[in-house]
Amino acid sequence: MKLGGPVVMLGLLIVQHGFPKFLQTLVNSVALGSLYALIALGYTLVYGVLRFINFAHSDVFAVGAWLSFTFATAFGWVATSSPLWGMPLVLLLVMAACALLGVTIEILAYRPLRKAPRLNVLITAIGVSLFLQNVGQLSSVFGTQPQRMPSLIEDRSLFTIAQVHIRLVDVTVIALALALMMALQWMVFRTRLGRAMRAVSFDEKVASLMGINVNRVVTITFAIGSALAAAGGLLFALKYEGLKQTADATWVLLGLKAFVAAVVGGIGNVRGAVAGALLIGVVEVFGASYLSPHMRDVYVFVILIVVLLLKPSGILGKAVREKV
Amino acid sequence: MSEVLAARGLSLSFGGLRAVNDFSLSLGSSDLAGLIGPNGAGKTTVFNLLTGVYQPDAGSVLLDGKQVNGKKPSQIAAAGLARTFQNIRLFGELSVLDNVRTAAGVRTRSGLWRSLLRTPLYLAEERAVTERSLELLELLGIAHRREEQARSLPYGDQRRLEIARALATEPKVLLLDEPVAGMNSSEKVEMRGLIQTLRKQFDLAILLIEHDMGLVMDICEHITVLDHGMTIAAGKPAAIQSNPAVIEAYLGAPEDETTAESEAS
């Protein structure tokens with residue numbers, strides 16, 4: 001395959017730069033990929049049940065990051081370091097708050113359009129996105145000043161492998177994201193609610209005729225997707241610390257890359273979203289540290305183009321045959 | 001005998017087309033009735049009106065004496081009306097067992113939090129649901145395929161699974177949309193026996209759409225004939241068979257077919 005060339009070249013570069021750099025890059029890429037995964041799951045879950053892209057999802061993620069900041073500062077953990085239970089508490093609070101936000105968006109903005117053409121819902125989603133971005137910038141909400149997230153996790157290295165310090169925050173990001181993804185996987189494939197979600201995803205009309213309350217399933221899906229995005233927001237704030245205003249392009253770009261991850265993995269597919277996110281994370285971070293940091297966004301979208309050319313339904317997606 | 005399902009003067013138009021016109025029906029508990037008519041007569045539309053997929057322009061649907069038209073399909077299913085589909089519509093990606101368990105969810109009480117926290121009530125309900133679903137699969141003769149994906153089943157078994165799934169909602173009335181379509185004669189005999197068993201075992205009222213006249217005339221006690229959305233005949237099988245309007249609808253007017261067609265359209 002034609003992909004062989006660049007892969008061999010990257011391999012040579014990795015060998016040339018030595019193992020410590022490789023390991024550090026790997027940890028960074030998996031951490032970033034985990035963040036993408038948490039956001040990508042929200043896109044893919046909502047697409048699964050409603051067949052539309054919730055463009056306001058990246059803003060729920062941004063709100064999650066900002067609310068983490070708000071809660072942490074409200075508890076006064078700026079100057080003094082937070083107690084050990086500080087991070088879990090903030091996590092629960094932002095997840096609950098964003099679940100509520102997601103459900104509110106669904107009920108007020110999307111539910112009235114359930115029978116409207118899909119394009120109407122898509123445009124509404126963009127409207128909701130702009131609304132959240134701009135309301136977030138009001139001085140009574142989050143304001144327009146960039147803020148520094150208080151570190152709820154002690155900044156120290158957990159252990160050292162080959163002179164590389166594995167930081168506690170990276171391990172937390174990866175472990176927590178992994179735990180949440182496993183919980184979701186269990187819920188979707190092992191519980192009654194998950195069964196109902198899969199039934200609605202497969203055929204909403206028949207699910208309704210079999211006594212499933214479709215609106216309830218949709219509401220719960222939004223709650224779960226938004227809570228995961230909120231967790232992603234908190235972890236993002238903890239890892240990268242600087243929070244830019246809610247209408248800043250960084251949030252849109254992060255959301256867009258997570259969306260790309262969902263598409264690359266196969267939109268509507270839970271495992272695919274995680275696989276796609278890790279792939280995107282690895283490609284972006286390895287490309288940035290071994291090739292050129294200025295091009296990091298390019299690598300992501302190149303992956304998108306390659307996947308769409310070779311396997312348009314995504315790496316784990318199923319091919320949909322058009323009936324003729 | 002008490003009336004479980006009643007349709008009174010149901011009408012529905014799609015644009016200028018009167019799909020169903022003044023349709024009425026009464027089903028007593030454990031009645032077995034047939035709904036027949038040429039292609040495009042509006043039979044499946046009647047099912048869609050009864051189950052709440054479409055809202056009637058006029059008329060009402062009563063289930064156990066309570067009005068259900070205007071309610072959501074899920075509420076009507078919960079009230080005791082279940083159906084199968086002419087073009088099989090299983091949850092293809094789910095396992096056979098999960099198809100049935102999904103429908104059984106309508107009779108459970110534990111909600112989101114209980115299911116996430118795995119409370120004793122939820123776990124007990126899950127066990128009961130699984131057990132009951134397996135019983136239904138056993139009854140339909142497809143229990144050995146419970147772990148397979150629904151879409152991988154052979155055609156006849158998919159029809160059976162649709163019936164098992166409908167029964168899992170514990171209905172009072174079961175609507176079967178062409179249950180033997182595409183089946184060979186031995187499968188048809190089996191399905192006939194099955195329909196009669198289900199009716200006795202679950203004390204179920206069954207309304208059947210079917211093109212196989214042999215089957216309909218044989219097992220139904222009451223038959224309604226639709227043509228172009230109009231009820232052209234209703235009564236016992238023997239009376240339907242000799243009804244001139246029915247014969248005309250199926251075979252065309254004896255003397256001049258072209259006038260009959262242009263009048264109808």
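Residues numbered from 1 in each chain as written. Chains lettered and ligands numbered in written order. Predicted model: local features only at pLDDT ≥ 70, side-chain atom pairs only at ≥ 80, totals over all residues. Heavy atoms only, no water.

**Student:** A description of the interface of chain B and chain A should follow, citing residues and the corresponding values.
**Tutor:** Chain B puts 33 residues into the contact, and the matching count from chain A is 24 residues. Taken together, the two surfaces of chain B and chain A that pack against each other cover about 2500 Å², and 61% of this comes from carbon and sulfur. Contact with chain A buries area across many residues of chain B, yet Arg89, Phe91 and Leu112 of chain B alone supply 20% of it, more than any other trio. Measuring nitrogen to oxygen at the nearest pair gives 3.2 Å for the salt bridge that ties Glu126 of chain B to Arg195 of chain A. The tally of links from chain B across to chain A stands at 8 residue pairs in polar contact (both at pLDDT 80 or more). Listing elements by their share of the side of chain B that touches chain A, those giving two or more residues are helix H2 (73-79), helix H3 (96-104), helix H4 (112-117) and helix H5 (120-140) of chain B. Its residues assigned to classes, the side of chain B that touches chain A comprises 13 nonpolar, 9 polar and 11 charged. (Contact = heavy atoms within 4.5 Å. Buried area = accessible area lost by both parts, 1.4 Å probe. Salt bridge = Lys/Arg side-chain N within 4 Å of Asp/Glu carboxyl O. Polar contact = N/O pair within 3.5 Å; in protein donor to acceptor, adjacent residues only side chain to side chain. Helix = DSSP H or I, 4+ residues; strand = E, 2+ residues; numbered from the N terminus. Nonpolar A, V, L, I, M, F, W, Y, C, P; charged D, E, K, R; others polar.)

**Student:** Just give me the short version of the nonpolar core, but keep the residues and values in it.
**Tutor:** In this structure, Tyr110, Leu152, Leu234, Leu238 and Trp251 of chain A together with Leu137 and Leu161 of chain B are the most contacted members of the largest nonpolar core, which totals 151 residues. Top contributing element to this core by residue count: helix H9 (residues 214-240) of chain A, with 17 residues. Taken domain by domain, this core gets at least three of its residues from each of domain 1 (3-80 + 171-264) and domain 2 (93-167) of chain B. When residues no more than four places from it in sequence are discounted, the contact partners of Leu234 of chain A are Gly64, Ala65, Ser68, Met87, Val90, Leu91, Val94, Met149 and Leu152 of chain A. Val20, Ala33, Leu35 and Leu226 of chain B belong to the second largest nonpolar core, which has 27 residues in total. (Core = buried A, V, L, I, M, F, W, Y, C linked by side-chain atoms within 4.5 Å. Buried < 20%, exposed > 50% of the residue type's maximum accessible area, 1.4 Å probe, protein only. Domains from an automatic or database assignment.)

**Student:** Explain helix H6 (residues 155-168) of chain B to me, and be specific about the residues and the numbers.
**Tutor:** Residue and element names in this part refer to chain B. When the terminal C-alpha atoms of H6 are compared, their 20 Å separation across 14 residues agrees well with the 20 Å that a helix rising 1.5 Å per residue should span. Summarising burial for H6: 13 of the 14 residues are buried, a large majority. Positioned one or two residues after H6, Glu170 has a phi angle of 55°, which is positive. (Expected span 1.5 Å × (residues − 1).)

**Student:** Residue-level account of H3 of chain B, with values.
**Tutor:** Counted residue by residue, H3 of chain B has 9 buried out of 9 residues, so it is predominantly covered. What H3 of chain B keeps buried is the set Val96, Leu97, Asp98, Asn99, Val100, Arg101, Thr102, Ala103 and Ala104 of chain B.

**Student:** I'd love a proper account of unusual backbone geometry, names of residues and values included.
**Tutor:** Positioned with a positive phi, Glu241 of chain A is a non-glycine residue whose angle comes to about 65°. In this fold, Glu241 of chain A is placed in the loop between H9 and strand E4 (242-243). Judged by relative accessible area, Glu241 of chain A falls into the partly exposed class, the value being 25%. The phi torsion at Glu178 of chain B lies on the positive side, around 50°, for a residue other than glycine. Tracing the chain through its elements places Glu178 of chain B in the loop between strand E7 (173-177) and helix H7 (185-202). We classify Glu178 of chain B as buried; its relative accessible area is 9%.

**Student:** Give me the lowdown on the packing of aromatic side chains, citing residues and values where you can.
**Tutor:** Residue and element names in this part refer to chain A. According to the stated counting rule, one finds 14 aromatic pairs over all chains in the structure shown. The interplanar angle of 65° and the centroid separation of 5.8 Å between the aromatic rings of Phe61 and Phe236 together place this pair among those described as edge-to-face. One end of the pair, Phe61, is in helix H3 (residues 57-74); the other, Phe236, is in helix H9, with 175 residues separating them in the sequence. Both residues of the pair, Phe61 and Phe236, count as buried. The interplanar angle of 45° and the centroid separation of 5.7 Å between the aromatic rings of Tyr110 and Phe222 together place this pair among those described as tilted. Here Phe222 lies in helix H9 and Tyr110 lies in helix H4 (residues 86-110), a separation of 112 residues in the sequence. Across this residue pair, the class does not change: Tyr110 and Phe222 are buried. Connected via pairs of aromatic rings, a cluster forms that spans Phe19, Phe22, Phe286 and Tyr290. (Phe/Tyr/Trp six-rings, centres within 6.5 Å; stacked < 30°, edge-to-face > 60°.)

**Student:** Tell me what's going on with the pattern of salt bridges, and back it up with residues and numbers.
**Tutor:** In this structure the tally under the stated criterion is 24 salt bridges over all chains. In this structure, Glu3 of chain B and Arg8 of chain B form a salt bridge, with 3.6 Å as the shortest nitrogen-oxygen distance. A salt bridge links Glu148 of chain B to Arg145 of chain B; its shortest N-O distance comes to 3.1 Å. Since its relative accessible area comes to 29%, Glu148 of chain B is described here as partly exposed. If you follow the salt bridges from partner to partner, you end up with Arg192 and Arg195 of chain A together with Glu125 and Glu126 of chain B in one network.

**Student:** Which residues make up the domain arrangement of chain B, and what are the values?
**Tutor:** Residue and element names in this part refer to chain B. What the domain assignment lists for chain B is domain 1 (3-80 + 171-264) and domain 2 (93-167). Relative to domain 2, the C-alpha centre of domain 1 lies at a distance of 28 Å. Ranking the residues of domain 1 by area buried against domain 2 places Pro171, Leu194 and Phe202 at the top, with a combined share of 29%. At the surface where domain 1 touches domain 2, the tally comes to 1 salt bridge. Linking domain 1 to domain 2 there are 3 residue pairs in polar contact (both at pLDDT 80 or more). Elements represented by at least two residues in the side of domain 1 that touches domain 2 include exactly H2, E7 and H7. It is H7 that contributes the most residues to the side of domain 1 that touches domain 2, 7 residues altogether.

**Student:** An account of the packing of H5 of chain B against H6 of chain B is requested, with residue identities and associated values reported.
**Tutor:** All names here are of chain B. Put simply, H5 and H6 touch, their axes get as near as 9 Å, and they point 145° apart. For the pair H5 and H6, the crossing hand works out as right-handed. For the pair H5 and H6, the contacting residues are Arg132, Leu136, Leu137 and Leu140 in the first and Arg160, Leu161, Ile163, Ala164, Leu167 and Ala168 in the second. Residues of the contact of H5 with H6, tallied by class, amount to 8 nonpolar, no polar and 2 charged. (Axes fitted to C-alpha atoms, helices over the stretch in contact; angles between N-to-C directions. Left-handed = near helix turned anticlockwise from the far one by under 90°.)

**Student:** Go over the environment of Lys43 of chain B with me, naming the residues and quoting the values.
**Tutor:** All names here are of chain B. Note on placement: Lys43 falls in helix H1 (residues 43-50). Considering only alpha carbons, one finds Lys43 and Val20, 23 residues apart in sequence, at a separation of 8.5 Å. Non-local contacts of Lys43, meaning those with residues more than four positions away in its chain, are made with Leu35, Ile36, Gly37, Pro38, Ile209, His211 and Leu226.

**Student:** Give a description of the packing of helix H2 (residues 19-50) of chain A against H9 of chain A that names residues and reports values.
**Tutor:** Residues and elements named next belong to chain A. As a packed pair, H2 and H9 sit with axes 9 Å apart at the nearest point and diverge in direction by 165°. Relative to H9, the element H2 lies roughly antiparallel. Relative to H9, H2 is oriented so that their crossing is left-handed. A per-class count over the contact of H2 with H9 returns 18 nonpolar, 5 polar and 1 charged. (Parallel < 35°, antiparallel > 145°, perpendicular 65-115°, else oblique.)

**Student:** Give me the lowdown on a nonpolar patch on the surface, citing residues and values where you can.
**Tutor:** Residues and elements named next belong to chain A. Taken together, Phe19, Leu158, Phe159 and Ile161 make up a surface patch of nonpolar side chains, about 350 Å² in accessible area. Residue contributions to the nonpolar patch peak at 3 residues, all from strand E2 (residues 157-161). Positionally, Ile161 belongs in strand E2. (Patch = residues over 30% accessible without salt bridge, like charges linked within 9 Å, V, L, I, M, F, W, Y side chains within 5 Å. Areas by Shrake-Rupley, 256 points an atom, 1.4 Å probe, with all protein chains shown as cover.)

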